[in-house]
Number of protein chains: 2
Amino acid sequence: MSLVPPYIESLKAYVPGKSIEEIKRTYGLSKVIKLASNENPLGPSPKALEEVKRSLSASHLYPDGGLRIRAVLAERFNLKLENVIAGAGSEGIMSNIIRTFLTDQDEVLTAAHTFLGFMVLARSRGIKVNTVSLTGDWRFDLAALADKINERTKIIYLANPNNPTGTIFSRSEFEAFLQKIPERLLVILDEAYFELARENPDYPDSMRYRHDNVITLRTFSKAYGLAGFRIGYGFAHGELIRNLLKVKLPFDPSHTAQAAGLGALEDVEFLEKTLENNRKGRKFLFESLAELGFNVIPSDANFVLVLLPSAETAQNLFQTLLTKGIIVRPQETSNLPQGIRISVGIGEENQMLIEHLEKILKVQPAFVGN
Amino acid sequence: MSLVPPYIESLKAYVPGKSIEEIKRTYGLSKVIKLASNENPLGPSPKALEEVKRSLSASHLYPDGGLRIRAVLAERFNLKLENVIAGAGSEGIMSNIIRTFLTDQDEVLTAAHTFLGFMVLARSRGIKVNTVSLTGDWRFDLAALADKINERTKIIYLANPNNPTGTIFSRSEFEAFLQKIPERLLVILDEAYFELARENPDYPDSMRYRHDNVITLRTFSKAYGLAGFRIGYGFAHGELIRNLLKVKLPFDPSHTAQAAGLGALEDVEFLEKTLENNRKGRKFLFESLAELGFNVIPSDANFVLVLLPSAETAQNLFQTLLTKGIIVRPQETSNLPQGIRISVGIGEENQMLIEHLEKILKVQPAFVGN
């Protein structure tokens, strides 16, 4: 007997990155660093944790569905409450979008190399996922995406910056793209790395201009260091939000996650530290990796993507780094088996990575294609 | 333009119960009690909060998908890891079940008066929900449910104890029912109130016997007082869990929620206090309400359902109690507009309710149908 539809049977379960404890055990190492999951290397926002502690005594009560943080976000971004939704991470809201807007005959469209989560959500709904290649410089090819729209396309997923490439598209590219998009289509604009990217003058802050069929998603998981709590938010036209609110799990985000988000929004100091660390670390990693001869892609996020000569060398380098106590993230899941994504760490972590790579390259220069 | 399918358009958004702050403001009251949402009147488990505090420093890391608590639950209930799933509340797992097992042509089956959440999840997937009446004594009518199965029925939802009636079905009734259920059907057995009900010798502990197509759902929201964190768990055959794991959001439950659940499982003292308070309070409420002349249903959960002479009197009583600073929960949403569900509070809260009802009845005896 198969209790599930064929599109579920064919799915694979999510395989998380290796944990630090796991690697310590496996390789008998005392120091292991994780540059694998684009987490905040400075830890969680201290003000977020303070607010969480204050919230604990009321955690026997059901959450309010994110009402308080929606109000704060609306005020901060000069929107109305009915234009804001909060959820269990931006992936939680994405799941909500899939459940609200898609039916069997719909199709979705995105880049061939982008955040796996969206594709999994669509496929687990039995939805056909169409993709187009990235541009030659590893960016979302918005023109090609617009050309690929067919009469069944219902949602286009864009990540800006993109994960795992770290690249952005510009405001003018995005504007030109939106001109070509029929109103019956929904555009998901995933801005998970927004706080880290907005220093780039080319980066389009999607809050500055509104389109009725664009839903912008953001998260507290990255710049605010709250990945463990599950809290994200979205902005869209009131009609979109109204329908999402009907379908969302009534108690997402959790009481605790909302408290963390509210605290983080006040933590200007922590955000500034995070941006400063990321600015320096990203520059250091990019320049050092390039100097070592690696093919590394310029990034506007908190990670860099390195392209190895082959899938095999990528897998080898990943395994070799593990034995040195450094966890990075191979990219088979984003259809880039020759890629390795390295999250920006704190100064000494980035340093440790580069020092190990230098030594490794002396023994195995093939990693940079020599 | 309508971006959503008709079954989404026709849904209504979840309306949460009134908050204590709201009622204080509206009626100018200084003391307001909430006996509306079946929350734990003793607050959250103290050991859960301790464990949460210890977990905070790692909350910038992505959650492990519930791996640690799955292992602890498997050991505690003498199961294998592959038979256990954890999620964002039992409602989160239920959403996962809907996404994993249902396709457009499937139908689901449940009681006419039960937990709204399941019906909303099914309807938001465009699934037809068939229902049968409760028995004369307000219990799930398992025989009628088995008779109502058609060739499209894919999931049967049972809540034991049922919400909002608080009634249970017995082990022998459940066994007889399962004999009639084809293997292609999935039975969701929602045991959200399990810890509170199992003292009744008639209550079937579903862990004592296994069926390949039954998934048992439990929660930390009630007996452990963790509704604000969103953590629940499920037990089922490995094949069911394997498919659910492919579809579930990879980072549910949150890091914090998992820590809370792990702490709560160790909090034997708090659970005992909760059961003791509930035993006394439920008995007091049932007997006092009956004595006042109310039609009150015997309950095995942490609430009692009162049936008023009409929907109008129920609404009147609800509003009258609000003005006295007592929030209870009307039951239009479970198709019982003449019903009012009252959660068991601490001693003085239950006392306050009964005292106010006594006074109210002197002025408006129509509430008990005199």
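Residues numbered from 1 in each chain as written. Chains lettered and ligands numbered in written order. Predicted model: local features only at pLDDT ≥ 70, side-chain atom pairs only at ≥ 80, totals over all residues. Heavy atoms only, no water.

1. Let's talk about the domain arrangement of chain A
All names here are of chain A.
Link 1 in the chain: Each assigned domain of chain A is listed with its residue range as follows: domain 1 (9-38 + 270-364) and domain 2 (46-266).
Link 2 in the chain: Distance from the C-alpha centre of domain 1 to the C-alpha centre of domain 2: 26 Å.
Link 3 in the chain: On the side of domain 2, 27 residues touch domain 1, which itself brings 26 residues to the contact.
Link 4 in the chain: Taken together, the two surfaces of domain 1 and domain 2 that pack against each other cover about 2200 Å², and 63% of this comes from carbon and sulfur.
Link 5 in the chain: Counting across the domain 1 and domain 2 interface gives 1 salt bridge. (Domains from an automatic or database assignment. Contact = heavy atoms within 4.5 Å. Buried area = accessible area lost by both parts, 1.4 Å probe. Salt bridge = Lys/Arg side-chain N within 4 Å of Asp/Glu carboxyl O.)

2. Digging into the packing of helix H3 (residues 46-55) of chain B against helix H11 (residues 255-265) of chain B
Residues and elements named next belong to chain B.
Link 1 in the chain: It is at 7 Å that the axes of H3 and H11 come closest, and there the two elements cross at 140°. Relative to H11, the element H3 lies oblique. The two elements H3 and H11 meet at a crossing, and its hand is right-handed. On the side of H3, the interface is formed by Lys 47, Ala 48, Glu 51, Val 52 and Ser 55, while H11 contributes His 255, Thr 256, Ala 259, Ala 260, Gly 263 and Ala 264.
Link 2 in the chain: Counted by class, the contact of H3 with H11 contains 5 nonpolar, 4 polar and 2 charged residues. (Axes fitted to C-alpha atoms, helices over the stretch in contact; angles between N-to-C directions. Helix = DSSP H or I, 4+ residues; strand = E, 2+ residues; numbered from the N terminus. Parallel < 35°, antiparallel > 145°, perpendicular 65-115°, else oblique. Left-handed = near helix turned anticlockwise from the far one by under 90°. Nonpolar A, V, L, I, M, F, W, Y, C, P; charged D, E, K, R; others polar.)

3. Some points on the nonpolar core
Link 1 in the chain: Phe 220 and Leu 226 of chain A together with Phe 220 and Leu 226 of chain B are the most contacted members of the largest nonpolar core, which has 66 residues in total.
Link 2 in the chain: Not counting chain neighbours up to four residues away, the residues in contact with Phe 220 of chain A comprise Ile 69, Gly 225, Leu 226, Ala 227, Ile 231, Gly 232, Tyr 233, Gly 261, Ala 264 and Leu 265 of chain A. (Core = buried A, V, L, I, M, F, W, Y, C linked by side-chain atoms within 4.5 Å. Buried < 20%, exposed > 50% of the residue type's maximum accessible area, 1.4 Å probe, protein only.)

4. Observations concerning the sheet that holds strand E12 (residues 329-330) of chain B
Residue and element names in this part refer to chain B.
Link 1 in the chain: With antiparallel pairing, the 4 strands of this open sheet are ordered in space as E9-E10-E13-E12. In this open sheet, the two strands that pair with only one neighbour each are strand E9 (295-297) and E12.
Link 2 in the chain: Sheet analysis places strand E10 (residues 303-307) next to strand E13 (residues 339-343), joined by 5 bridges and oriented antiparallel. What sits directly across from Leu 305, in E13, is Arg 341. (Pairing = 2+ DSSP bridges.)

5. Some points on the relation of the copies chain B and chain A
Link 1 in the chain: Overlay of chain B on chain A (RMSD 0.0 Å): rotation 180°, translation along the axis 0.0 Å. Expressed as a symmetry operation, the mapping of one chain copy onto the other fits a two-fold axis.
Link 2 in the chain: Both copies contact each other with a shared surface, as 100% of the interface residues of chain B are interface residues in chain A too. (Least-squares fit on C-alpha atoms with pLDDT ≥ 70 in both.)

6. Regarding the packing of aromatic side chains
Given two aromatic rings, one states the distance between the centres and the angle between the planes to describe the pair.
Link 1 in the chain: Going through the model one piece at a time under the given rule, you end up with 22 aromatic pairs over all chains.
Link 2 in the chain: Arranged with centres 5.0 Å apart and planes meeting at 70°, the rings of Phe 77 of chain A and Phe 235 of chain A form a pair that is edge-to-face. With a gap of 158 residues between them, Phe 77 of chain A in the loop between helix H4 (67-76) and strand E2 (84-87) and Phe 235 of chain A in strand E8 (residues 232-235) connect regions that are remote in the sequence. We note that Phe 77 of chain A, like Phe 235 of chain A, is buried.
Link 3 in the chain: A centroid spacing of 5.4 Å and a plane angle of 75° characterise the contact between Tyr 233 of chain B and Phe 235 of chain B, whose relative ring orientation is edge-to-face.
Link 4 in the chain: Cluster of aromatic residues (ring-pair linked, three or more members): Phe 77, Phe 220, Tyr 224, Tyr 233 and Phe 235 of chain A.
Link 5 in the chain: In this structure, Arg 218 of chain A is placed above the aromatic ring of Phe 194 of chain A, and the distance from its NZ or CZ to the ring centre is 3.5 Å. (Phe/Tyr/Trp six-rings, centres within 6.5 Å; stacked < 30°, edge-to-face > 60°. Lys NZ or Arg CZ within 6 Å of the ring centre and 35° of its normal.)

7. Let's talk about helix H13 (residues 311-323) of chain A
Residue and element names in this part refer to chain A.
Link 1 in the chain: Taking 1.5 Å of rise per residue, the 13 residues of H13 would be expected to cover 18 Å, and the 19 Å separating its terminal C-alpha atoms lies within 8% of that figure.
Link 2 in the chain: Buried within H13 we find Thr 313, Ala 314, Leu 317, Phe 318, Thr 320, Leu 321 and Leu 322.
Link 3 in the chain: Those residues of H13 that are buried are in contact with helix H2 (20-27), strand E11 (326-327), strand E12 (329-330), strand E13 (339-343) and helix H14 (347-363).
Link 4 in the chain: Remark: Gly 325 follows H13 within two positions and exhibits a positive phi of approximately 85°. (Expected span 1.5 Å × (residues − 1).)

8. Side note on the sheet that holds strand E3 (residues 107-111) of chain A
Two orientations exist for strands paired in a sheet by backbone hydrogen bonds: parallel and antiparallel.
Residues and elements named next belong to chain A.
Link 1 in the chain: The sheet built from 7 strands is open, its strands ordered E2-E8-E7-E6-E5-E3-E4 with mixed pairing. Every other strand in the sheet has two partners, leaving E2 and strand E4 (128-132) as the edge strands with one partner each. Here the average twist between neighbouring strands, direction ignored, is 20°.
Link 2 in the chain: Here E3 pairs with strand E5 (residues 153-159) via 3 bridges, running parallel. From the neighbouring strand, Val 108 faces E5, where its bridge partner is Ile 155.

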